[in-house]
Every structure is written in C-alpha cells, then in structure tokens.
Amino acid sequence: MRRVNPWHLARAIVAALSLGAVVRSADAQAIALVGGTVYPVSGPKIERGTVVLRDGRVVAVGRDVAIPADARRIDVTGRVVTPGFVNAGTQLGVVEIGAVRDTRDASARGRDAIAAAFAVWEGFNPASELIQPARNEGVTTAIVVPNGGLVSGQAAVVHLDGRTASDALLRPSAAMVAQVGDARSAAVGARGELIGRLRELLVDARAYGRSRAAYERNQTRTYTASRADLEALQPVLAGRLPMLVAADRAADIDAALRLRREFGFRLMILGGAEAWELADRLAADRVPVVTGAMNNIPADFASLGQRQENAALLTNAGVPVALIGNAGGGDEESFNVRNVRFEAGNAVAYGMRYDAALRAVTLTPAELFGVADRVGSLAPGRDADVVVWSGDPFEFATRAEHVFIRGREVTGDSRQDELARRYRTLPPAYTTP
C-alpha cells in the first residue's frame, strides 16, 4: 500500500480549505447583471434591466435597481437574460453511455414490472461528464425520470451543480412514473390487460392504505405489489404526488384520463404525440403534457398522428405544456439534454407563442414538479439560476455567455471541448496521462 506523505496531505487540505473559502467568498459577493433584456418569465420583459444576485439568491430584478457598492458588475447590454432552463425529461446522471449496462441506472427490475418504490435519485452521479455540456447550454435544472415496466418509479428534480448527490437534489419524489402504451414492457400481452393491471394495482394500493394495521397482522387478502410499492403509491392516491404517465396514442391518453377520473389522482402526460387530438379534454381537466416539438415522424404505430404543431395546439387550447427532447435518433439521450432550447425554438416556428415556449422550458416544468418557489423564474428569493445569452436563446448560433447556478458561475470545458481541441489538427497530438 502506498504511504501518504504527511506534508503533501497537509498541503492538499490547506488548498482544499482555501478553495472552499474562495468559493464561499465568490458566492457571498453580490453580482449585478446590468443593461440586458431581462425575461423574468413570471412577469413582463424588462428592457435595459438589472438582475442582482447575492448569497446564491436573486435579490433584485428591474429597470431601476440599486446596485450594491460591493457588487461585481457585469455589463450585459445587448444580451438576453433568462432564468436557467429546466429540462423535464432526462436521465441525466443515471445513464452515462446507453450501450454500456454498468452505466445505466434508470430502470428498476421491480416485482412483476411494478417498481413504485424505486427512487431513481439514489443512483444519481453528480460527476457525470454529460452535466457540463448541459450547463454550458443554459440548462441548470433537470428532472430525472426512470423508465421501464408498468410503474417505473419516482422522478426527482436535481440542480446541475452539486458536488454530491445530496447537494444536487432539489426535490426527491417529484412524480410517480408509469406508462399505458407498451404492453411488452409491462410484462402483459395487450393494452387492455395493461390498463387492467394498473387499475388493480391502484385498487390494491387504496385498500392497503385503508387497512395498514390489518395488513401488518396478515389479515388482508394478497395484494398485487409489495408493501414498499403500495406505500409509495399513497401520496399519488392522496393527490400529493402527480402521476406522470407515458402515452403517445390518443386512445392511450384517453385510458389514462379514465383512470384519473376513477381514482382522482393528479395526471401528467409524458410524450403525448397525439395529445393535440384531445386538447379540449386535457385543457378542461387541467392535465399538463410534457412533450417535444422537433419530430413529426412517427417512431411507432402509437404515434402516427405526431406533428410538430402539437405543443402550439395544446397551449392555444389552454393545456399546460413543458417541452423536452423528442427528435429521435438518440437526441433525447443524456448527452443532448442541452438541446431543449432548440425544441422551444422549433415549437415557436410551428405556432407556439414565444412567451409560452420560454415558460415551457423554465417556469412551467418547475411548477409541474413542485420547485417553482426555487427555480424557473427571476424574482427576489429564487435561487440565482441565471443565464446571459448572446442573443435569442432559441436561435442556433446564440451562445450562453454566463451561466449561474445558485449564484456560482458554472460554464467550463466539457468532454466535447476537449475532443474538439484534440482533433482540430490531424493527426492528434497524443500525450502521456
């Protein structure tokens, strides 16, 4: 075993403590972003506005804001200032390389395709190489969504700046994730059987919740799921935790709406390729849809009615919409979480109002997953998650010039940047590690 030199160890500790002091000092210093076009999202656009950050929080937003004397002043004239973007459909930090099993932690085995107790965030890796590219493109918060099975588990909200998973976790158990369109994944033979199993599970969860004491005395009938899974479903039945149901086909969305009416849970639709066909019903029931705007090519028979106007038609009908990646061909994978701003740009190109598209990648997902008091808008008291863009954030050539998470600037080199430098001149100049 290699012995550690005490002098080197002491020097490393001093350096680490000094770094911590520098970070704390940087966090404590006020930062004033002055002169930009500010989109608070929760309020109207502010021309030549100022945003002041201190101690990891937004402390002032407006046109005539007093700038603290000790503030680091950054002139953002001609730039656009927005809240950090929130991507509501990712597996960031739980899937590193899709083709390598050891790096995939988004799917639980569960029991009979039921994994309601699965807490996907327990496996979150804050050191993922895929986080920095997302930050560099203005994504500061991600919803980590499990997949697979009939009930996949619980989604979580993470900040993209944590040194540990505990630091990054903004909200555990932000939604229960299930699906109604893939019988094979649910380990049944047909959609009708799938819906029946989900209904039976909810009936059992309701019965369990009413008779916990009898269950502990072994005086109940046999239920379809484990105690942990039945317990995890109690907040769903009580209306405290939304159920995020993956469904593309209009008939599948209709089935999810029937289950919602039967059990009274808070429903959100994930995917929703044909949701526009039921826009009036979704709006009447205030059921949000988490969908993309990049693709109009059906990936399967369940999404034959997919169209790029989906998000626009839904918002115009009054349906709350959060935008995520749906371009296909791997574009939804973790290394492309950054592309959510292009989904928003495409949604605008296909009829979505600009303000609605900006809301769909900031405040709306924050509201849907219960973190709007922390992120998604620029207002005093919110976390200082702020992006300064060189221009319109939905334009391809625009760059995120400054990205702050909790008041700390987080832009930096990503793996892509390192690869670009290595292969800019061929043959590459290899060096010894």
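Owing to the predicted nature of the structure, the values given are computational and were not obtained by experimental measurement.

Asker: What's the story with the pattern of salt bridges in this structure? I'm lost.
Answerer: Pairing is possible between side chains of opposite charge, provided their charged atoms come close. Under the counting rule described, the total for this entry stands at 23 salt bridges. Between Glu231 and Arg212 there is a salt bridge whose closest N-O contact spans 2.7 Å. Note that Glu231 is positioned in helix α6 (residues 227–232) and Arg212 in helix α5 (residues 212–216), a separation of 19 residues in sequence. Given the relative accessible area of 32%, Glu231 is considered partly exposed. A relative accessible area of 34% places Arg212 in the partly exposed class. A salt bridge links Asp285 to Arg260; its shortest N-O distance comes to 3.7 Å. Here Arg260 lies in helix α8 (residues 250–263) and Asp285 lies in the loop between α9 (279–284) and β12 (289–291), a separation of 25 residues in the sequence. Counted as one network, the salt bridges with shared partners bring together Arg57, Arg374 and Asp383.

Asker: Hey, could you run me through the layout of surface pockets in this one?
Answerer: The gaps of empty space that remain are located by a probe, the size of a water molecule, rolled over the atoms. Here the largest pocket defines a volume of roughly 1,200 Å³. Lining the largest pocket are 45 residues, with Asn147, Ala246, Asp248, Leu270 and Gly271 sitting closest to its centre. By residue number, the principal contributor to the lining of the largest pocket is strand β9 (residues 169–179), which donates three residues. Forming the walls of the second largest pocket are 19 residues, and the residues nearest its centre are Arg353, Asp355, Ala356, Arg359 and Ala360. The element that contributes the greatest number of residues to the lining of the second largest pocket is helix α12 (residues 354–360), accounting for six residues. Residues that form the lining of the second largest pocket fall into these classes: eleven nonpolar, four polar and four charged.

Asker: How do you make sense of the pairing of strand β15 (residues 400–405) when you look at a structure like this?
Answerer: The side chains of a regular strand alternate between the sheet's two faces. Across the six residues of β15, five count as buried, placing the element largely inside the fold. Pairing geometry for strand β14 (residues 386–389) and β15, over four bridges, is antiparallel. Along β15, the bridge assignment pairs Val386 with Phe404. Relative to strand β16 (residues 408–409), β15 runs antiparallel, the two sharing two bridges. Of the residues in β16, the one forming a bridge with Ile405 is Arg408. Here β15 folds back onto β16, and the loop between the two strands holds two residues, one of which, Arg406, carries a positive phi near 50°.

Asker: What is the right way to read helix α10 (residues 310–317) from this model?
Answerer: One turn of the α-helix equals 3.6 residues, which is why residues spaced by three or four share an orientation. Regarding α10, the residues found buried are Asn310, Ala311, Ala312, Leu314 and Thr315. Contact partners of the buried residues in α10: α9, β12, β13 (321–323) and α11 (340–349). Gly318 occupies a position one or two residues after α10 and carries a positive phi of about 100°.

Asker: Where do I start with the side chain of Asn310 in this structure?
Answerer: Position of Asn310 among the secondary structure elements: in helix α10. With near-sequence residues (within four places) excluded, Asn310 lies in contact with Gly272, Ala273, Ala275, Trp276 and Thr291.

Asker: Any chance you could explain empty space enclosed by the protein here in plain terms?
Answerer: For the structure on display, the rule yields two cavities of 30 Å³ or more. Of the pockets and cavities examined, the second largest cavity occupies roughly 30 Å³. Lining the second largest cavity are Pro83, Gly84, Thr140, Arg374, Val375, Gly376, Ser377, Asp383 and Asp385. Looking at the lining of the second largest cavity residue by residue, the class counts come to two nonpolar, four polar and three charged.

Asker: Can you help me understand the sheet that holds strand β11 (residues 267–271) in this one?
Answerer: Adjacent strands of a sheet pair through backbone hydrogen bonds, lying either parallel or antiparallel. Sheet architecture is open: eight strands sit in the order β6-β7-β8-β9-β10-β11-β12-β13, paired in mixed fashion. Since the sheet does not close on itself, it has two edges, and those belong to β6 (85–90) and β13, each with one partner. For this sheet, the mean inter-axis angle between neighbouring strands, taken without regard to orientation, is 25°. As judged from the two bridges shared by β11 and β12, these two strands associate in the parallel manner. Its bridge partner being in β12, Leu270 is matched across the sheet by Val290. Its contacts with the sheet place α11 against β6, β7 (139–144) and β13, and it is angled at close to 125° to β13.

Asker: Whenever I open this one, the packing of aromatic side chains confuses me. Can you help?
Answerer: The description of an aromatic ring pair rests on the distance of the ring centres and on the angle between the ring planes. Applying the stated criterion across every chain, the model contains seven aromatic pairs. Here Tyr208 and Tyr215 contribute two aromatic rings whose centre-to-centre distance is 5.1 Å and whose plane-to-plane angle is 85°, an arrangement assigned as edge-to-face. Residue classification places Tyr208 among the buried positions, given a relative accessible area of 2%. On the basis of relative accessible area, Tyr215 is assigned to the partly exposed category, the value being 24%. Three or more aromatic residues joined by ring pairs form one cluster here, namely Tyr39, Phe85, Tyr354, Trp389 and Phe394. Seen from the ring of Trp276, Arg307 lies directly overhead, with NZ or CZ sitting 4.6 Å from the centre.

Asker: Got a minute to help me understand the packing of helix α4 (residues 191–210) against α8 in this structure?
Answerer: Helix-helix packing is described using two parameters, namely the angle between the two axes and the distance between the axes. Where α4 contacts α8, the axes come no closer than 11 Å and their chain directions differ by 20°. Considering their axes alone, α4 and α8 lie roughly parallel with respect to each other. Crossing of α4 over α8 shows right-handed handedness. Judged by residue contacts, Arg191, Ile195, Leu198, Arg199, Leu202, Val203 and Arg206 of α4 engage Asp252, Ala255, Leu259, Glu262 and Phe263 from α8. Partitioned by chemical class, the residues of the contact of α4 with α8 number seven nonpolar, no polar and five charged.

Conventions and cut-offs
- Residues numbered from 1 in each chain as written.
- Predicted model: local features only at pLDDT ≥ 70, side-chain atom pairs only at ≥ 80, totals over all residues.
- Heavy atoms only, no water.
- Salt bridge = Lys/Arg side-chain N within 4 Å of Asp/Glu carboxyl O.
- Helix = DSSP H or I, 4+ residues; strand = E, 2+ residues; numbered from the N terminus.
- Buried < 20%, exposed > 50% of the residue type's maximum accessible area, 1.4 Å probe, protein only.
- 1 Å grid on protein atoms, 1.4 Å probe; cavity = no way out; pocket = protein on both sides within 12 Å on 5 of 7 lines; lining within 4 Å.
- Points joined across faces, edges and corners; volume = space filled by probe spheres on them.
- Nonpolar A, V, L, I, M, F, W, Y, C, P; charged D, E, K, R; others polar.
- Pairing = 2+ DSSP bridges.
- Contact = heavy atoms within 4.5 Å.
- Axes fitted to C-alpha atoms, helices over the stretch in contact; angles between N-to-C directions.
- Phe/Tyr/Trp six-rings, centres within 6.5 Å; stacked < 30°, edge-to-face > 60°.
- Lys NZ or Arg CZ within 6 Å of the ring centre and 35° of its normal.
- Parallel < 35°, antiparallel > 145°, perpendicular 65-115°, else oblique.
- Left-handed = near helix turned anticlockwise from the far one by under 90°.

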